[in-house]
Amino acid sequence: MLLPVLQTNSPSIDRPINPAARAALAGDLARLCRGQVRFSRHDRLLYATDASMYQIEPIGIVIPADADDAQRIIEFCFHRHLAMLPRGGGTSLAGSTVNHAVVIDLTPGMRALKHVDAANRTCEVESGISIDDLNAQLAQRDTGLYFAPDPATSAQSAIGGNIATNAAGTRSILYGRTSENLLAIDACLASGERVRFEAGAGKTNPTARALAEQVIDIVRSVEPLIRERYPKTLRQNAGYGLDRILKQLDAGATAETLDLAQLLCGSEGTLATTLAAKLKLVPVPKSKGLALLAFTSVDEAIAAVIPILSTGPSAVELVDNVVIEAARNNLECSPFVDAFPKPAGTKGDPVAVLYVEYHSLTGQAEITQRFAALEALVPHAAKRLVTDAKGMGDALKLRKAGEPLLHGLPGARKPLTFVEDNVVPVENLGRFVREFRAIVEREGTRAAFWAHASVGVLHVRPMLDPHDPADLDRLQRIAVEVADLAKSCGGVMSGEHGDGRIRGPFLRRFFGPELMTAFAQVKAAFDPKNLLNPGNIVAPGDVASIVERTRIAPLPGQHPHPHVPAVSTFFDYADQDGFGHAIEMCNGAGVCRKTAGGTMCPSYRATLDERHSTRGRGNALRMAITGQASEPGPDGAPGLPVWNDPETIATLDLCLSCKACKSECPSNVDISKLKAEYTAQRYQLTGTIPLAARLTGHVRALNRLGSLTPLLANAISNFAPVRALVGAMMHMHPRRSLPRFSTSLYRLAAAMGVPLSLPAPSAIHAQATATPPTVALFADCFTTYNESSIGIAAINVLRRLGYRVVLPRSGCCGRSMISVGMLPQAIATIDATLAQLRTAIDDPSVKAIVVSEPSCLSAMKDDWLTLKCQTPLAVRKALAAKAMLVEEFVDRHWDSHPAKPTITPAAHSGEPVLLHGHCHQKALWGAETSARALRRFFGPRVRILDTGCCGMAGSFGFDADKFDLSMKIAELPGSGLLPHIRAATPGTITCAPGTSCRHQVHDGLHGQHRALHPIELIDRALS
Ligand SMILES: Cc1cc2nc3c(=O)[nH]c(=O)nc-3n(C[C@H](O)[C@H](O)[C@H](O)COP(=O)(O)OP(=O)(O)OC[C@H]3O[C@@H](n4cnc5c(N)ncnc54)[C@H](O)[C@@H]3O)c2cc1C
Ligand code: SF4
Ligand code: SF4
């Protein structure tokens, strides 16, 4: 048979497309596509990156509504000779998901679990679903089955992308990679023809048969080379999977029976687009166990891997000291480091940790046996054995966060992704690590080693500065040397992440020209016009191209440019190595695209839109501030920062400033802070602040006014014309209720004999023996003027515990100003408030400054420390150390309160007490800070809800344009607050420390349910 030849006039990734032609294309596509067509520069830039270091602007983005829509788009591109790039979660580390092509984002519209056949342990899914979502749905249907491959990105990558990269995870030694769990692919060829590829497809489908015949001919023509050159490792993801085809032929497959899904798997979107797939499922293990083994050196840990494999683990994962150090400095991951065992004879953190996991279908007894075998074989390693689901999940979170965590490390050198995917036979792993280290050290840098020790795949990321031309030379030298090292160890440079832009250039060096020709022939058989993800696997660039088209030099031939021109910022970014690095912190790993667990990112969860994810915002800010938001100049140089780009403003607009990304994003990308900075810079540039923002920023003054005559103010504000006027001025949604005013807490507290100021410290000392210890209650805007009953409850509780309570007359914490970007005003307000709180801060007899509103406390403990205030940082830090939630104070000093609280045992029985933590609280200190106090009084009745953001987020949920989204977030299945409350038994008490959350409960449940502040509940219990 004549083998196919690839057309040479295929579209080049560098061929520009003029604006008129682009607009015409967008128009034509919009007419045939039922989904979304996005061709604006802003949208193109949001899809110009994946999780690699590359950046290539696509032609445009299309988001198909369903499989038929996707087919129409592909057919259109084929006839117009347009390159195409199917996209899942965009988490490729190899740069497989960046191209000058029409990006087809299959994740928002095609994420259904179409069919489950529990008897035969299979399911059919659309390509946009994630493995975690699939497994959650299988669990909901009580199938007892799940899809086993578990790449670290199982929450945010998509099955289509997993198939295209033959993804594998920690447990591949037991369950195999995606290819071993794949039964069929419903594919759309570049021509738009739909074909189902599976074993036996050639019997009924002439196209499948014709392709199988061609593939068989190609494979037979290079059969000896496939046997000789493909590595014999458990993982291998370089080039096309011709070895999997040969294996089928060895087993007797013919053109009628050959399963070409196995060839599509790992082909990185270059052969066909997966629209749907049939997957193999396996039973959920009955029991699991995880042993954490601590070592004092990486070599020692690696030496233990082979004996451990004989105990039949489901996974053996390594993390080294560099990852452990990064985790130690990360808010979310630091507690997981605390949980590591200490190596024998040491007190510090381990240098290397092995995660050894066991699965059993029979039960816990088997796990215990495996632990015993492990102890016998590796007695010298310190161990922690975990068998509870939460403990194991928490420990594995650190392992999964390895790569993004390293990106959070300060310094110009970052852990660059280019030699992160080598695989070598496990017996050669020790030699590989030693020689790899030597290469990196010769180049004057260091690297972290971690990941799948069980199958010989270590993810190594040398620390280099992509802005530094000398480091880019180092990068190329290291890449070449390490590729050769992997080969000499019997392995290959692409173990699981694929080739993409970074490793494609090494394929010829590894496989040789004959196999490269075979790859080109396979490509030509499926995609003769070379339209699908061109330049990947087939016809890749040369070695020099691996440092081209990066995020900091995205244009062909461009040199790395300085990240951000000097700008005087309102926040200090010293802890992130300056503002320039702060806006480059997002590495694109896409953890913010998860749809369950934690809070990040509420607006993505509700819209499933890349633009409204943390990553989308991070990219938008980076593009605007590095001057890339506007078209590049004639010399290709990026322009100046653009502080009032309407598209960037729109992309930031749906950020709820919930701060979840600050702690949940493994790189600690802090969009809430960057959004406030960007907005403040814009206001400064334009000299105008919108009226609604000004009113929101000055909410304290408005609330104070209302609370002068609360009855009248409440009556007036409910009067329809007044309500309409206020709504119009503040751009408020008509269905949102207005906050009610109460009598000022100052007035009520004074009537209770609470002092409204603190005497000078010397006066307090003089009466020290006579007066009980003092607690200062911070008078926040909402507790003081809208919900003073909460302040009264706090005073009551503190007095019953034997404290002298003071309510210093202080100003606002600035939260509402920060949230609308009025940063100069916020800084002035904060300085004034700090001056008023100074006595309480300095006076040692004031035991604590307690706050009832978490968003005010988060301002004090977080924003105040990085805003460029006049007040010395030491004073702000002293305040932050002394400030806490009022209920946290109750719990934290439980054993030393001057008066012991009386607790009735009866309080421990009764209806459940559900606690919904405030987003800022969860991000910075955890909902436990409220739960612990509640448990003191209500024992096991207290349950922390597994909710995300309530959707209100201060003024966000009031906005007329955001009300629907706000309610959608509140109603999200799984993480939404309202469904949890509705599902509760009658009489259940809901607790929410945040005023916004309580307001959302009120509005979302039409005033039928009232959520309480924890301190109100504690007050009731004490009285
Ligand atoms: C922090 C981190 C950890 C990772 N850990 C692992 C790991 O443990 N194991 C592992 O295997 N990988 C890992 N990866 C790499 C990556 O997550 C996987 O390759 C994943 O399978 C990519 O899926 P995706 O949906 O994000 O694909 P994308 O990045 O969107 O696409 C990847 C490739 O697949 C193609 N593609 C996407 N969808 C389709 C489709 N429907 N039809 C045809 N082609 C398509 C694209 O064109 C592209 O070439 C990790 C990445 C990161 C950032
Ligand atoms: S914002 Fe954070 S979680 Fe999202 S892609 Fe960027 S680094 Fe990852
Ligand atoms: S602050 Fe919240 S809404 Fe905004 S990007 Fe971060 S997680 Fe998303």
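Everything in this summary refers to the structure shown in the same document. (Residues numbered from 1 in each chain as written. Chains lettered and ligands numbered in written order. Predicted model: local features only at pLDDT ≥ 70, side-chain atom pairs only at ≥ 80, totals over all residues. Heavy atoms only, no water.)

**What about the overall build of the chain?**
Moving on, step 1. Within the chain one finds 48 helices and 26 strands.
Moving on, step 2. In summary, the chain has a C-alpha radius of gyration of 30 Å against a globular reference of 31 Å for 1023 residues, a match within 12%.
Moving on, step 3. Scored against the burial criterion, the 1023 residues of the chain give a buried share of 63%.
Moving on, step 4. Pairs at least 24 apart in sequence give 75% of the contacts found in the chain among residues at least 6 apart.
Moving on, step 5. Carbon and sulfur atoms form 57% of the exposed surface of the chain, whose accessible area is close to 35,700 Å².
Moving on, step 6. Averaging the positions of the 106 positive and the 98 negative side-chain charges in the chain gives two centres separated by 5 Å. (Helix = DSSP H or I, 4+ residues; strand = E, 2+ residues; numbered from the N terminus. Rg over C-alpha atoms; globule rule 2.2 N^0.38 Å. Buried < 20%, exposed > 50% of the residue type's maximum accessible area, 1.4 Å probe, protein only. Contact = heavy atoms within 4.5 Å. Areas by Shrake-Rupley, 256 points an atom, 1.4 Å probe, with all protein chains shown as cover. Lys, Arg positive; Asp, Glu negative; His and termini not counted. Charge placed at Lys NZ, Arg CZ, Asp CG, Glu CD.)

**Quick notes on the environment of cysteine 665**
Moving on, step 1. As for its placement among the helices and strands, cysteine 665 is situated in the loop between helix 28 (660-664) and helix 29 (671-686).
Moving on, step 2. In the structure, cysteine 665 is positioned 349 residues away from valine 316 in sequence and 25 Å away in space, judged by C-alpha atoms.
Moving on, step 3. Dropping the residues within four chain positions of it, cysteine 665 is found in contact with Met600 and Ala660.

**Side note on the pattern of salt bridges**
Moving on, step 1. Enumeration over the complete set of coordinates arrives at 59 salt bridges.
Moving on, step 2. Among the salt bridges present, the one from arginine 227 reaches glutamate 223, with a minimum N-O distance of 2.8 Å. Here the residue arginine 227 and the residue glutamate 223 both occupy positions in helix 9 (residues 223-229), the gap between them amounting to 4 residues, near one helical turn.
Moving on, step 3. When the shortest N-O distance is used, the salt bridge between glutamate 228 and arginine 229 registers 3.5 Å.
Moving on, step 4. Here the salt bridges share partners, and the residues they tie into one network are Lys659, Lys662, Asp670, Arg815, Asp862 and Asp863. (Salt bridge = Lys/Arg side-chain N within 4 Å of Asp/Glu carboxyl O.)

**So, the packing of helix 39 (residues 823-842) against helix 41 (residues 873-882)**
When two helices pack together, their arrangement is given by the angle between the helix axes and by the axis-to-axis distance.
Moving on, step 1. Relative to each other, helix 39 and helix 41 sit at 60°, their axes nearing to 10 Å. Considering the angle they form, helix 39 stands oblique to helix 41. The hand of the helix 39/helix 41 crossing is left-handed. Within the contact between the two elements, helix 39 uses Leu834, Leu837, Arg838, Ala840 and Ile841 and helix 41 uses Val875, Arg876, Ala878, Leu879 and Lys882.
Moving on, step 2. Tallied by class, the residues present in the contact of helix 39 with helix 41 amount to 7 nonpolar, no polar and 3 charged. (Axes fitted to C-alpha atoms, helices over the stretch in contact; angles between N-to-C directions. Parallel < 35°, antiparallel > 145°, perpendicular 65-115°, else oblique. Left-handed = near helix turned anticlockwise from the far one by under 90°. Nonpolar A, V, L, I, M, F, W, Y, C, P; charged D, E, K, R; others polar.)

**A word on the environment of isoleucine 649**
Moving on, step 1. By secondary structure assignment, the location of isoleucine 649 is in helix 27 (residues 646-653).
Moving on, step 2. Put simply, isoleucine 649 and lysine 675 are 26 residues apart on the chain and 8.9 Å apart in space, counted from C-alpha to C-alpha.
Moving on, step 3. Residues in contact with isoleucine 649, not counting those within four places in the same chain, are Asn644, Tyr678 and Arg682.

**Quick notes on the nonpolar core**
Moving on, step 1. Formed by 121 residues in total, the largest nonpolar core has its most connected members in Phe197, Leu242, Leu260, Leu263, Leu293, Leu354 and Phe526.
Moving on, step 2. Take this core: its biggest share by element is 8 residues, from helix 20 (residues 469-488).
Moving on, step 3. In this structure leucine 242 touches Val219, Ile226, Tyr230, Leu263, Ala518, Phe519 and Val522, once residues within four positions along its chain are discounted.
Moving on, step 4. Within the second largest apolar cluster, 71 residues are counted, among which are Ala693, Leu834, Cys919 and Cys949. (Core = buried A, V, L, I, M, F, W, Y, C linked by side-chain atoms within 4.5 Å.)

**Overview of the site of ligand 3**
Moving on, step 1. Cys601, Pro602, Thr614, Arg617, Cys655, Leu656, Ser657, Cys658, Lys659, Ala660, Cys661 and Ile671 make up every residue found near ligand 3.
Moving on, step 2. Contributing elements (two or more residues each) for the shell around ligand 3: helix 26 (614-625) and helix 28.
Moving on, step 3. The class makeup of the residues in the shell around ligand 3 is 8 nonpolar, 2 polar and 2 charged. (Near = heavy atom within 4 Å.)

**Section: the environment of threonine 517**
Moving on, step 1. You can see threonine 517 is positioned in helix 23 (residues 513-526).
Moving on, step 2. Threonine 517 sits 492 residues away from histidine 1009 along the chain, and the two C-alpha atoms are 69 Å apart.

**Examining unusual backbone geometry**
Moving on, step 1. Cis geometry is found at the peptide bond from methionine 600 to cysteine 601, where omega equals -15°.
Moving on, step 2. On the secondary structure map, cysteine 601 appears in the loop between helix 24 (579-582) and helix 25 (602-607).
Moving on, step 3. In this model, glutamate 268 sits at a positive phi of 55°, which is unusual for a non-glycine residue.
Moving on, step 4. Position of glutamate 268 among the secondary structure elements: in the loop between helix 11 (261-264) and strand 10 (273-280).
Moving on, step 5. Not every positive phi belongs to a glycine, and asparagine 668 is a case in point at roughly 55°.

**A short note on the site of ligand 2**
Moving on, step 1. Around ligand 2 sit Cys586, Asn587, Gly588, Ala589, Gly590, Val591, Cys592, Thr614, Arg615, Cys665, Pro666 and Ser667, and that is every residue in its neighbourhood.
Moving on, step 2. Residues of the shell around ligand 2, tallied by class, amount to 6 nonpolar, 5 polar and 1 charged.

**Regarding helix 4 (residues 131-140)**
Moving on, step 1. Of the positions making up helix 4, those classed as buried are Ile131, Asp133, Leu134, Asn135 and Leu138.
Moving on, step 2. In this structure, the buried side of helix 4 is in contact with strand 5 (113-117), strand 6 (122-126), strand 7 (145-146), helix 5 (159-164) and strand 10.
Moving on, step 3. Looking one or two places after helix 4, you find aspartate 142, whose phi comes out positive at around 60°.

**Concerning a nonpolar patch on the surface**
Moving on, step 1. Residues Leu691, Leu725 and Met729 make up a contiguous nonpolar surface patch of roughly 270 Å² in combined accessible area.
Moving on, step 2. You can see leucine 725 is positioned in helix 33 (residues 720-730). (Patch = residues over 30% accessible without salt bridge, like charges linked within 9 Å, V, L, I, M, F, W, Y side chains within 5 Å.)

**Quick notes on the packing of helix 44 (residues 928-938) against helix 48 (residues 1014-1022)**
Moving on, step 1. Relative orientation of the contacting elements helix 44 and helix 48 amounts to 20°, with a least axis distance of 10 Å. Judged by the inter-axis angle, helix 44 sits roughly parallel to helix 48. In terms of crossing hand, the pair formed by helix 44 and helix 48 is left-handed. For the pair formed by helix 44 and helix 48, the contact residues are Ser930, Ala933, Leu934, Phe937 and Phe938 on the first element and Pro1014, Leu1017, Ile1018, Ala1021 and Leu1022 on the second.
Moving on, step 2. Classifying every residue of the contact of helix 44 with helix 48 gives 9 nonpolar, 1 polar and no charged.

**Thoughts on the sheet that holds strand 5**
Moving on, step 1. Pairing in this open sheet of 5 strands is antiparallel, and the strands run 5-6-10-8-9 from one edge to the other. Pairing within the sheet leaves two strands with one partner each, and these edge strands are strand 5 and strand 9 (194-198). Adjacent strand axes in the sheet meet at a mean angle of 15°, parallel and antiparallel pairs treated alike.
Moving on, step 2. Judged from the 6 bridges that link them, strand 8 (residues 182-188) and strand 10 form a sheet pairing that is antiparallel. Bridge assignment links cysteine 188 to a residue of strand 10, and that residue is threonine 273. (Pairing = 2+ DSSP bridges.)

**A closer look at the packing of aromatic side chains**
Moving on, step 1. As enumerated under the stated definition, the model contains 17 aromatic pairs in all.
Moving on, step 2. Residues tyrosine 230 and phenylalanine 511 carry aromatic rings whose centres are separated by 4.9 Å and whose planes lie at 45° to one another, so their mutual orientation is tilted. Within this pair, whereas tyrosine 230 is found in the loop between helix 9 and helix 10 (242-250), its partner phenylalanine 511 is found in helix 22 (residues 507-511), the two being separated by 281 residues in sequence. For the residue pair tyrosine 230 and phenylalanine 511, the accessibility class agrees, reading buried in each case.
Moving on, step 3. Note on tryptophan 643 and tyrosine 678: the rings are 5.6 Å apart at their centroids and 45° apart in plane angle, and the pair reads as tilted. Here tryptophan 643, found in the loop between helix 26 and helix 27, pairs with tyrosine 678, found in helix 29; they are 35 residues apart in sequence, far enough to count as distant. In this structure, tryptophan 643 and tyrosine 678 share a single accessibility class: buried.
Moving on, step 4. Taken together, Tyr230, Tyr240, Phe510, Phe511 and Phe519 form an aromatic cluster joined through their ring pairs. (Phe/Tyr/Trp six-rings, centres within 6.5 Å; stacked < 30°, edge-to-face > 60°.)

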